[in-house]
Amino acid sequence: MKKSRVIATMLLSIILPAGIFVYYQFNKPHRDFSAEEAAYTFNAEELVKAYQQDPSLSDSLYVDQLVAVSGEISQLKENALLLSPGIYLSLDSTQSMDALLVGQQINLVGRVLSYDPLFEEVKMDNARIQN
C-alpha cells in the first residue's frame, strides 16, 4: 500500500508540472509583428550583399528579426512582391497591393526567414508597407 502511494505521488509530481508546461506552451499569445519595431534597416542591395558575402553570419543576425528594407519593386505576385536585386516579401494579410506598381520605390518592414543561395534571394514574410 505504501509503495503504490509513493509511486502515485511521484507520477503526479511529474505529470502535473509537465501538463501545466504543455498547456502554457500551446496557449501562449502569438507574436504581433505589427506592434514591433524593425531591429535593422537596409536598402535591398545592402541586405542581399550581406547574405552573399557571409550567409551564416547574416542568418545568425537577421533570421526571425524584423528588418526595414527599401528598394524598387521588380515583380508583383499574389500577396507578395520581389524587390531588386533579390528580396522576396510575402505581405501581411492586412496589406493591400492595389496601389503598388512595378518600378516603384517602396519601404517595407518584414521578418527575415532565410536566404536561398540558388536564386540569391532573401525570403521575408509578414511584410507591411511603411509610409
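Here goes a summary of the coordinates provided. Predicted model only: the values in this text are computed from it and were never measured. (Residues numbered from 1 in each chain as written. Predicted model: local features only at pLDDT ≥ 70, side-chain atom pairs only at ≥ 80, totals over all residues. Heavy atoms only, no water.)

### A short note on a nonpolar patch on the surface
- Together, Leu-12, Leu-16, Ile-20, Tyr-23 and Tyr-24 make up a nonpolar patch on the protein surface, roughly 580 Å² of accessible area in all.
- Of note, Leu-16 is situated in helix H1 (residues 2–26).
- Exposure remark for Leu-16: the relative accessible area of 52% places this residue in the exposed category. (Patch = residues over 30% accessible without salt bridge, like charges linked within 9 Å, V, L, I, M, F, W, Y side chains within 5 Å. Areas by Shrake-Rupley, 256 points an atom, 1.4 Å probe, with all protein chains shown as cover. Salt bridge = Lys/Arg side-chain N within 4 Å of Asp/Glu carboxyl O. Helix = DSSP H or I, 4+ residues; strand = E, 2+ residues; numbered from the N terminus. Buried < 20%, exposed > 50% of the residue type's maximum accessible area, 1.4 Å probe, protein only.)

### Overview of unusual backbone geometry
- For the bond from Ser-84 to Pro-85, the omega torsion is 15°, close enough to zero to count as cis.
- Relative to the assigned elements, Pro-85 resides in the loop between strand S3 (80–84) and strand S4 (87–91).
- Look at Asp-64: it is not a glycine, yet its phi comes out positive at around 70°.
- Among the secondary structure elements, Asp-64 is positioned in the loop between helix H3 (55–62) and strand S2 (66–77).
- Despite not being glycine, Asn-126 has its phi angle at roughly 55°, a positive value.
- Along the polypeptide, Asn-126 turns up in strand S6 (residues 121–129).

### Thoughts on the packing of aromatic side chains
- In the structure shown here, the tally under the stated rule is six aromatic pairs.
- Ring geometry for Tyr-40 and Phe-42: centres 6.4 Å apart, planes at 25°, overall stacked.
- Residue Tyr-40 is classed as partly exposed on the basis of its relative accessible area, which comes to 29%.
- The buried category is assigned to Phe-42, whose relative accessible area is 14%.
- Ring centres 6.2 Å apart and planes at 55° place the aromatic pair Tyr-51 and Tyr-62 in the tilted group. (Phe/Tyr/Trp six-rings, centres within 6.5 Å; stacked < 30°, edge-to-face > 60°.)

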